[in-house]
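# Summary of the model geometry
Here's the letter readout for the chains.
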Amino acid sequence: MPSEILWIPPAAALLIGYVLGSIPWGILLTRVAGAGDLRTIGSGNIGATNVLRTGRKGLAAATLLLDLLKGAAAVWIVAHVYPGEELIAGAAAFIGHCYPVWLRFRGGKGVATMMGVVVALSPFAGLVYAIVWLGLLAGLRISSVAGMAAAVAAPLAAAWAGRFDLVLLFLGLALIVLWKHRENIERLVAGTEPRIGRKRD
């Protein structure tokens with residue numbers, strides 16, 4: 001293959017992943033439902049936890065599912081069209097969600113989208129991710145703790161499954177999740193991080 005063509009598959013994977021990941025489902029769904037601009041509600045975050053603060057549980061569930069699916073879809077589509085570029089697509093989808101150009105790079109915290117990417121690349125790691133996330137969410141009812149713990153569990157699960165090709169990617173995504181939750185971490189340290197159902201996460 002000519003060298004000038006070699007850059008097309010990774011570039012296309014990057015573009016497909018970023019565009020899919022940057023779709024702000026939380027904002028779109030709340031606007032369509034007449035719930036207002038999500039960025040002016042609660043924490044201002046565009047994810048499902050903040051959508052829940054509108055009182056629309058159905059919208060929150062739909063946002064969670066669609067944010068998850070866009071991460072998985074990026075991987076699956078690129079795997080079909082440009083085999084071998086799935087990791088680029090997954091990383092780009094996650095970055096697109098966290099830093100969407102349409103919202104001046106002020107996106108979500110990446111927990112649901114990361115799960116979609118992890119599930120698509122490694123079902124075992126995705127299962128571990130879901131168990132940790134949902135288990136801690138049900139037990140502690142602190143969204144940030146559950147999300148961060150699930151993200152950290154992903155590279156560990158990939159290593160346990162022998163998918164060392166995914167460990168660095170999952171570790172990088174987990175570090176971004178932790179960075180996006182830095183205010184939550186400060187509140188956790190201060191003992192002021194509320195549980196699900198209250199005004200802030």
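A brief report on the enclosed structure follows. (Residues numbered from 1 in each chain as written. Predicted model: local features only at pLDDT ≥ 70, side-chain atom pairs only at ≥ 80, totals over all residues. Heavy atoms only, no water.)

With that out of the way, let us pick up the overall build of the chain. Each helix and strand in the chain was counted, giving eleven helices and zero strands. Along the chain, helices (α) and strands (β) appear in the sequence α-α-α-α-α-α-α-α-α-α-α when read from the amino end. Reported as C-alpha extents along the three principal axes, the dimensions of the chain are approximately 55 × 40 × 25 Å. The buried share of the chain, taken over its 201 residues, is 45%. (Helix = DSSP H or I, 4+ residues; strand = E, 2+ residues; numbered from the N terminus. Buried < 20%, exposed > 50% of the residue type's maximum accessible area, 1.4 Å probe, protein only.)

For the rest of this paragraph, the subject is the packing of aromatic side chains. Applying the stated criterion across every chain, the model contains one aromatic pair. Judged by centre distance (6.1 Å) and plane angle (85 degrees), the ring pair of Y129 and W133 falls under edge-to-face. Separated by four residues within a single helix, Y129 and W133 lie in helix α8 (residues 123–140), roughly one turn from each other. Here Y129 and W133 have matching classes, each one buried. Across the ring face of Y99, the terminal group of K180 is positioned such that the distance to the ring centre comes to 4.6 Å. (Phe/Tyr/Trp six-rings, centres within 6.5 Å; stacked < 30°, edge-to-face > 60°. Lys NZ or Arg CZ within 6 Å of the ring centre and 35° of its normal.)

Taken together, the side chains of L15, V19, V101, W102 and F105 define a hydrophobic patch exposed on the protein surface, amounting to about 520 Å² of accessible area. Within the element layout of this structure, V19 appears in helix α2 (residues 8–21). (Patch = residues over 30% accessible without salt bridge, like charges linked within 9 Å, V, L, I, M, F, W, Y side chains within 5 Å. Areas by Shrake-Rupley, 256 points an atom, 1.4 Å probe, with all protein chains shown as cover. Salt bridge = Lys/Arg side-chain N within 4 Å of Asp/Glu carboxyl O.)

Another aspect to go through is α8. Here α8 spans 25 Å end to end across 18 residues, near enough to the 26 Å set by a 1.5 Å rise per residue. Of the residues making up α8, those classed as buried are A125, G126, Y129, A130 and W133. Projected down its long axis, α8 shows its buried positions confined to an angular sector of 140 degrees, all on one face. Exposed residues pointing more than 90 degrees away from the buried face of α8 are listed as L127, I131, A138 and G139. Elements that come into contact with the buried residues of α8 comprise α5 (57–81), α7 (111–121), α9 (143–160) and α10 (164–180). Immediately downstream of α8, the backbone of R141 shows phi near 60 degrees, a positive value. (Expected span 1.5 Å × (residues − 1). Arc of directions from axis to C-beta. Contact = heavy atoms within 4.5 Å.)

The next subject is the pattern of salt bridges. Under the definition given, this model contains three salt bridges. Taking the shortest distance from any N to any O, the salt bridge between D67 and K70 comes out at 3.3 Å. A residue pair is termed a helical-turn pair when its members lie 3 or 4 positions apart in one helix, as D67 and K70 do in helix α5 at three residues. Residue class for D67 comes out buried when judged on its relative accessible area of 3%. The exposure class assigned to K70 is buried, which follows from its relative accessible area of 5%. Residue R187 pairs with E193 through a salt bridge whose shortest N-O separation is 2.8 Å. When sorted by exposure, R187 lands in the same class as E193, which is buried.

Right, let's talk about unusual backbone geometry for a bit. Phi angles above zero are rare outside glycine, and F105 is one such case at about 65 degrees. Examined against the element boundaries, F105 turns out to sit in the loop between α6 (86–98) and α7. According to the relative accessible area criterion, F105 is partly exposed, its value standing at 48%. Backbone geometry places R141, a non-glycine residue, at a positive phi of 60 degrees. Relative to the assigned elements, R141 resides in the loop between α8 and α9.

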